[in-house]
Structures are given as C-alpha cells and as structure tokens.
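# Architecture and fold: a report
The primary structure of each chain is shown beneath.
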Amino acid sequence: MASQYITFMIIFTLGLSLVIITNNMFSTLSDQFRENIAQVELNSILEQIQLQIQQSMLIHPEKDQAIYKSLEFPPALGQGFRYTLNIANSSDGKTIILNGSTFNAEVNQQLVFSLGSAYVASASGHFTSTNPILSLDLTKNGNSIIIRMS
C-alpha cells in the first residue's frame, strides 16, 4: 500500500513537472512570436511615415508650402503591444530620425533618412498609439523644412 502511494506520488510529480516545462516552453515561444510581430509592424509604421514625408516633398516642390497629413495606424501591435513614436533631426539638420518603441520597451526600432542635401530639417514630435490618428505637419520655407508630429 505504501509503495503504491510512493509510486503514485513519483508519477504525479513527474507528470506535473512535464506540464510546467511544456507550458513554459510554449509561453516563451508565444512571447517571442508576439515580439517578432511587433518588430515587423512597428518597422512598417516607421517606413510609412518616412514615405509620407518624402512623398510630400516630391509632390509639392513649391518654395513655400504647408502640408498636413493624417495617418491612421492600428492602436495595438502584436496582439496587444502599445507603442510610442518620436521624430527628431540630427544636429546638422540633414537627416530625420524616427524612433519607435513598445511601452514595455522590448521592441525598439530606429529609422534614419535624409530629405536631400539641399534641405535643412527641423523635426520634433511624439505620438502614442492610444491616440487614434497621427498628424504630420510639414512647413517648407525655401530650403528649410519644419516637421511636427503629434
């Protein structure tokens, strides 16, 4: 009787251990999968913003202009990640720097691009995925470009 109880407890403990190990393994794979989705989607959003800025400069080559763009992005990435976006310019004003990161900071992306050597850019702004629409305001005065993101 005692040997059966001990055998049962050993088998039960081994079974429970296997369940815990399997659960942890699938949990880790699931987190990595969600993180990969968030990286791809966040990179796609940064590339869309870059494309909108570059197209605005090409489509409207006038000397002085103001362009207002509204972009709607999904409010959540990778099955529940929220994210923030920041835009800035380099110290020399020749390149634009877009940063994106999830709220938990597990995913950080950066995209750096230039509007051409003829332009000096001043970029600033912050966007949080809890807002429904991202606004881009571009003002061009001669070779100076001001970009505001909100």
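Structure: see above.
A brief look at the structure comes next. (Residues numbered from 1 in each chain as written. Predicted model: local features only at pLDDT ≥ 70, side-chain atom pairs only at ≥ 80, totals over all residues. Heavy atoms only, no water.)

### With respect to the overall build of the protein
The number of helices and strands found in the protein is one helix and seven strands. Classification of the 150 residues of the protein by burial places 30% in the buried group. Considering only contacts in the protein between residues 6 or more positions apart, those separated by 24 or more positions represent 61%. Working note: accessible area of the protein is about 9100 Å², and carbon and sulfur atoms make up 58% of it. (Helix = DSSP H or I, 4+ residues; strand = E, 2+ residues; numbered from the N terminus. Buried < 20%, exposed > 50% of the residue type's maximum accessible area, 1.4 Å probe, protein only. Contact = heavy atoms within 4.5 Å. Areas by Shrake-Rupley, 256 points an atom, 1.4 Å probe, with all protein chains shown as cover.)

### Focus on the sheet that holds strand β3 (residues 95–102)
Sheet architecture is open: seven strands sit in the order β1-β6-β7-β5-β2-β3-β4, paired in mixed fashion. Of all the strands in the sheet, the pair left with one neighbour each is β1 (64–72) and β4 (108–114). Between one strand and the next, the sheet's axes are offset by a mean angle of 10 degrees, whatever the strand orientation. The pairing of β1 with strand β6 (residues 133–141) spans nine bridges and is classified as antiparallel. Counterpart to L71 in the pairing with β6 is L134. (Pairing = 2+ DSSP bridges. Axes fitted to C-alpha atoms, helices over the stretch in contact; angles between N-to-C directions.)

### Looking at the pairing of β3
Taking burial as the measure, the eight residues of β3 include six buried ones, the bulk of the element. Inspection of the sheet shows strand β2 (residues 83–89) paired to β3 by seven bridges, in the antiparallel sense. For N86, the partnering residue across the bridge sits in β3 and is N99. As judged from the seven bridges shared by β3 and β4, these two strands associate in the antiparallel manner. From the neighbouring strand, I96 faces β4, where its bridge partner is F113. What sits between the antiparallel neighbours β3 and β4 is a turn of five residues, in which A105 has the positive phi angle 60 degrees.

### Describing the nonpolar core
Among the nonpolar cores identified, the biggest contains 29 residues, and I49, I53, L85, L115, L134, L136 and I147 are the most heavily contacted of them. Those elements that place two or more of their residues in this core are α1 (2–59), β1, β2, β3, β4, β5 (120–128), β6 and β7 (144–149). Among the elements that take part in this core, α1 stands out by supplying seven residues, more than any other. If we ignore the near neighbours within four places in the chain, the residues touching L134 are I49, K69, S70, L71, F73, L85, F127, M149 and S150. (Core = buried A, V, L, I, M, F, W, Y, C linked by side-chain atoms within 4.5 Å.)

### Details of the packing of aromatic side chains
Scanning all chains against the criterion turns up one aromatic pair. Here the aromatic rings of Y83 and F127 are separated by 6.5 Å at their centres, their planes lie at 50 degrees, and the arrangement is tilted. Here Y83 is found in strand β2, whereas its partner F127 is found in strand β5, with 44 residues between them in sequence. The class of Y83 is buried, set by a relative accessible area of 0%. (Phe/Tyr/Trp six-rings, centres within 6.5 Å; stacked < 30°, edge-to-face > 60°.)

### Considering the side chain of S90
Tracing the backbone shows S90 in the loop between β2 and β3. Since its relative accessible area comes to 14%, S90 is described here as buried. Apart from residues no more than four positions distant in its own chain, S90 is found in contact with T95 and I97.

### With respect to a nonpolar patch on the surface
On the surface, a cluster of nonpolar side chains totalling about 930 Å² of accessible area is made up of Y5, I6, F8, M9, I10, F12, L14, L16 and I20. Structurally, I10 can be placed in helix α1. Among the residues examined, I10 registers a relative accessible area of 48% and is labelled partly exposed. (Patch = residues over 30% accessible without salt bridge, like charges linked within 9 Å, V, L, I, M, F, W, Y side chains within 5 Å. Salt bridge = Lys/Arg side-chain N within 4 Å of Asp/Glu carboxyl O.)

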